[in-house]
Amino acid sequence: TTPEGYMQFKTHDSGTAPQEWMRLTNNGTLQLSSHTGSFSDTTVGLGFYFQRIGTDGGKSSGCFSRFSDNASAPQLAFMKSRNGTPGSHTIVQSGDTVGSIRFSADDGANYTGQVALIDCEVDGTPGTDDLPGRLIFSTSADGSDSPTERLRIHSSGDVDIKHDSTTKFQSISNSCNIRLHNI
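None of the values given here were measured: they were computed from a predicted structure.

Asks: Tell me about the pairing of strand 6 (residues 114–122), residues and numbers included.
Replies: Bridge analysis of strand 5 (residues 97–104) against strand 6 gives seven bridges, and the strand direction is antiparallel. The residue of strand 6 that forms the bridge with I101 is I118. Sheet topology note: the strand 6/strand 7 (residues 133–139) ladder contains seven bridges and is antiparallel. For L117, the partnering residue across the bridge sits in strand 7 and is S138.

Written out as structure tokens, the structure reads:
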């Protein structure tokens, strides 16, 4: 533990200075690194409590593997409750975002601009064992770092594709042929 209130995990080869590979901060942020630079609580400016920081694909990526003699796969799970106490239950509401996958990039000034976004939302009135959902795919246009919705898959199976610069969408029902439009 350091005077600043975080724990460090360092290793070194014989004759070299110790390098920090992991840090647990006083607010619960876990940072893993494969580089020799220093950590900060806002290394990428996003304030996430788990950060994997590296300088190449392998060192900045994660892998979930499952080795079992069955058809089951590893999972990455997102869970949302309206209750403020972990382990307690309050039903979600239509329109609540259950999970997001955000794609950000360095724009030369910061890391907070977004290139694309995938959201999962509740799509209708939920109930016990009844959780209708929709997926929303958004991308940032040239000259922007704020994603705009481009495609939506509804709980009904219908697909909306944005087909011009207004807020109009082309709805594709699960009972009709798919038509492609210029975007």
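After that view of the structure, there is still more to cover.
Asks: An account of the side chain of D119 is needed here, citing residue identities and associated values.
Replies: Its place among the elements puts D119 in strand 6. A distance of 2.4 Å separates a polar atom in the side chain of D119 from a polar atom in the side chain of S100. Sequence-distant contacts of D119, that is, excluding residues within four places in its chain, are made with T97, G99, S100, R134, L135 and I136.

Asks: Go over the environment of G157, please, and point to the residues and values.
Replies: Residue placement: G157 occurs in the loop between strand 8 (148–153) and strand 9 (159–162). In this structure, the C-alpha to C-alpha distance between G157 and R134, residues 23 residues apart in sequence, is 8.8 Å.

Asks: Lay out the side chain of D123 with the relevant residues and their values.
Replies: For D123, the position within the fold is in the loop between strand 6 and strand 7. In this structure D123 comes out as buried when scored by relative accessible area, which is 14%. The residues touching D123, leaving out its near neighbours within four places in the chain, are S94, P132, G133, R134, H154 and S155.

Quick notes on the rules
- As a convention, each chain's residues are numbered from 1 in the sequence order in which they are written.
- Local features in this predicted model are restricted to residues of pLDDT 70 or higher, and side-chain atom pairs are both shown and tallied only at a pLDDT of 80 or more, whereas totals for entire chains, interfaces and linings draw on every residue.
- Heavy atoms from the whole structure form the basis of all side-chain values; hydrogens and water molecules are not counted.
- Strand pairing is assigned whenever DSSP identifies at least 2 bridges connecting the two strands.
- Helix and strand assignments come from DSSP, with helices taken as H or I runs of at least 4 residues and strands as E runs of at least 2, each series counted from the N terminus.
- In the analysis that follows, any N or O atom pair within 3.5 Å is treated as a polar contact, provided that within protein one partner can donate a hydrogen and the other can accept it, and provided that, for residues neighboring in sequence, both atoms belong to side chains.
- In what follows, residue pairs with any heavy atoms lying within 4.5 Å of each other are defined as contacts.
- Accessibility here uses a 1.4 Å probe with only protein chains present; expressed as a share of the type maximum, an area under 20% marks a residue as buried, one over 50% as exposed, and anything in between as partly exposed.

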